[in-house]
Amino acid sequence: MDRRKFIKSMAVGAAATAVPLNQSDASFFDTFFQKYYREMTKEEKEEVVQRLEAEYKAKYGKDIKVGTEEHIPGVLFGYALDLSRCIGCRRCVYACVTENNQSRNPQIHYIQVLRFRRGTSEGEHWIAGASGVSNLEESVKYYDPPLVPQEEHFYMPVQCQQCENPPCVKACPTQATYKTRDGIVVVDYNWCIGCRYCMAACPYDARKLNWAEPYIPKEQINPVTHYLGNRPRMKGCVEKCFFCIQRVRAKERRYPACVEICPVGARKFGNLLDPSSEIRYIMAHERVFRLKEELNTSPKFFYFFSI
Amino acid sequence: MYIKRKAIGIFFVSVLLLAISGGQFYINAEEGRQGGHGNDAGHKEPPVRSAEKLSEHPLPEITTPKPPFSEGIFPCTSCHAGLEPNAQRRELGFHTDIVLVHSTKQRWCLDCHDAQDRDMLRLANGEHVPFTKSYMLCGQCHGPTFNEWKAGVHGKRTGSWEGKKEYRLCVHCHNPHSPRYKPLKPSPMPARPQDINKVLDTVGVTIENQTIYIPVYKK
């Protein structure tokens, strides 16, 4: 079913609230009838980028570059996180918010840092457990001591696990979310109708809905963006971690922001197809595991204990 | 902290068994660490002073940021050129901020700092290394960690995932005189569901030249 048919088939009222647009905008028509990004020609992408850049300029008063860098042949991105090192400081959470233009208010975070207390089952369902969307217990996420790490505790950041077999993609009725050839699961925000099926399908609670107009102070906007990544979003679309696609696909081949900020070096990133990458070193030398392995989502996000 | 980590390892073994079993990735993710796993969780590295060990893993080209000296302390020879070296273990009348909590019984200042040229570090075999390569010093006694550091697993590299990387020196994270990693103040917690209207603002904080924006909440 394509997007327009799907919208038609929904109750009119529900569809209206789900359309992720600022209706007063002059480019409303273009935006609404924009083609599916994945099927656009180079020229069509160029046109859309120009329209978006003009819109963002009007809204934020500065030049925001919207990139369309393609996947890099021979690359499959993977991530590993060393749970022996993570101290739960949450710097990654805000490095991500900053880099990726997440709404400050209402607050959207791609990374949730969970705290576990040794010897209890607190938060255990996060590791195994086949339940669908997990209810985060307060004690797991909302810790606030003067210093971390705390004795008797350890920490596990969770974000989009970039599944090879992503349930969110299967759930999406409009194919707004899909897996790219370098393995990153992305969202075409203009194609997303905000139905939240993907959020229900994700076992890692990684997807966030913009249930109100996102707010970011103008001076805090990161102007280097990607169409499938950190370009400013709108009310009604779902978003999540995309491995900083604007950084990792850039010609500098930068690391994701969370990797670079981590003070203890717990976060590792690289090309799973390159035997000399640090990610492959970890696969070969450390005891890695993945969250909720039994669900067969096959994440490309690995956890390990280096000691 | 050793103790803590070790205990975590043990706690996790049961969960891991569950978690690891199913997953055969297209890359062999299950190959264990050399030397057998399980009981190496939380092991304390025996200090191995072996140059042979290091040469097994040749040094990649390594660039790092500048050593994190306190202001005005380097070059050391600005004072030490005119001072008689004194290898005596004693209470110092200078550098009083330095408390040696690092294998202290066996070691003293001039096991690491060169007596004659204070701008240099000194390896066990008498060789000199500059402060920009202090990892060579640490690597003498922490061979396995050093190897993991070179591979980009211990410590941190920034730059390009495909190309040139910058390593953090061991001493960027570990004070060489008291190397245990120091606890940090955590960034604010996310807003609880009942507090979503309490986000007042976001303010920038700069960490290692990187500005991140953190929320400020209404009381």
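The model shown is predicted, which means the values in this text are computed figures rather than measured ones.

Okay, the overall build of chain B next. When its secondary structure is counted, chain B shows seven helices and six strands. Each helix and strand of chain B, placed in order from N terminus to C terminus, yields the pattern α-α-α-α-β-β-α-α-β-β-α-β-β. For chain B, with 219 residues in total, the buried portion stands at 35%. Partitioning the intrachain contacts of chain B with sequence separation of at least 6 by distance along the chain shows that 49% fall at a separation of at least 24. Carbon and sulfur atoms provide 57% of the accessible area of chain B, an area that totals close to 13400 Å².

A few words on the overall build of chain A. Of the regular secondary structure elements, chain A holds eleven helices and twelve strands. Here chain A holds 307 residues, and 64% of them are scored as buried. A fraction of 70% describes how many contacts in chain A between residues 6 or more apart in sequence connect residues 24 or more apart. Summing over all exposed atoms, chain A offers an accessible surface of approximately 11300 Å²; the carbon and sulfur share of this is 53%.

With that out of the way, let us pick up the sheet that holds strand β12 (residues 301-305) of chain A. All names here are of chain A. Strand order in this open sheet of four strands is β10-β2-β12-β11, and the pairing throughout is mixed. In this open sheet, the two edge strands, each paired with only one partner strand, are β10 (267-271) and β11 (287-289). With strand direction ignored, the average angle separating the axes of adjacent strands in the sheet is 30 degrees. Pairing analysis gives three bridges linking β11 to β12, with the strands arranged antiparallel. Its bridge partner lying in β12, F289 is registered against Y303. Each of β2 (77-82), β10, β11 and β12 touches helix α11 (residues 278-285); the most contacted strand, β10, lies at about 110 degrees to it.

This part is about the packing of aromatic side chains. Aromatic rings in a pair are described by how distant their centres are and how their planes are angled relative to each other. Using the criterion set out here, one finds 22 aromatic pairs over all chains in the structure. Relative to F301 of chain A, the ring of Y79 of chain A has its centre 4.5 Å away and its plane inclined at 10 degrees; by these criteria the two rings are stacked. Remark: F301 of chain A occurs in strand β12 and Y79 of chain A occurs in strand β2; sequence separation between them is 222 residues. Summarising the burial analysis for this pair, Y79 of chain A and F301 of chain A share the class buried. A centroid spacing of 4.9 Å and a plane angle of 75 degrees characterise the contact between F69 of chain B and F131 of chain B, whose relative ring orientation is edge-to-face. With F69 of chain B in the loop between α2 (51-56) and α3 (77-80) and F131 of chain B in the loop between β2 (128-130) and α5 (135-141), the pair connects residues that are 62 residues apart, well separated along the chain.

Let us look at the domain arrangement of chain A. Residues and elements named next belong to chain A. One can read the domain layout of chain A as domain 1 (3-10 + 25-67) and domain 2 (69-307). In this assembly, 24 residues from domain 1 lie in contact with 25 residues from domain 2. Summed over the shared surface of domain 1 and domain 2, the number is three salt bridges. Notably, a salt bridge pairs K59 with E213, separated by 3.0 Å at the nearest N-O pair. Inspection of the region where domain 1 meets domain 2 yields twelve residue pairs in polar contact (both at pLDDT 80 or more). When contributions to the side of domain 1 that touches domain 2 are tallied by element, the ones reaching two or more residues are α1 (3-9), α4 (42-60) and β1 (65-67). Ranked by the residues each element gives to the side of domain 1 that touches domain 2, the list is headed by α4, at seven residues. Looking at the side of domain 1 that touches domain 2, its residues break down into eleven nonpolar, three polar and ten charged.

What follows is about the pattern of salt bridges. Counted under the stated rule, the structure contains 21 salt bridges over all chains. Linking R168 of chain B and E166 of chain B is a salt bridge whose minimum nitrogen-to-oxygen distance equals 4.0 Å. Residues participating in the shared-partner salt-bridge network are E99, R247 and E260 of chain A.

With that settled, the discussion passes to unusual backbone geometry. All names here are of chain A. Here the bond from N105 into P106 is cis, since omega is 0 degrees, no more than 30 degrees from zero. Looking at the element boundaries, P106 is found in the loop between α5 (91-99) and β3 (112-117). Following V148, the chain continues to P149 via a peptide bond in cis, the omega torsion being 0 degrees. Positive phi, close to 70 degrees, is recorded for E152, a residue that is not glycine. Unlike most non-glycine residues, Q162 shows phi in positive territory, near 45 degrees. Within the fold, Q162 resides in the loop between β4 (153-158) and α7 (167-171). Residue classification places Q162 among the buried positions, given a relative accessible area of 0%.

The rules we used
- Residues numbered from 1 in each chain as written.
- Chains lettered and ligands numbered in written order.
- Predicted model: local features only at pLDDT ≥ 70, side-chain atom pairs only at ≥ 80, totals over all residues.
- Heavy atoms only, no water.
- Helix = DSSP H or I, 4+ residues; strand = E, 2+ residues; numbered from the N terminus.
- Buried < 20%, exposed > 50% of the residue type's maximum accessible area, 1.4 Å probe, protein only.
- Contact = heavy atoms within 4.5 Å.
- Areas by Shrake-Rupley, 256 points an atom, 1.4 Å probe, with all protein chains shown as cover.
- Pairing = 2+ DSSP bridges.
- Axes fitted to C-alpha atoms, helices over the stretch in contact; angles between N-to-C directions.
- Phe/Tyr/Trp six-rings, centres within 6.5 Å; stacked < 30°, edge-to-face > 60°.
- Domains from an automatic or database assignment.
- Salt bridge = Lys/Arg side-chain N within 4 Å of Asp/Glu carboxyl O.
- Polar contact = N/O pair within 3.5 Å; in protein donor to acceptor, adjacent residues only side chain to side chain.
- Nonpolar A, V, L, I, M, F, W, Y, C, P; charged D, E, K, R; others polar.

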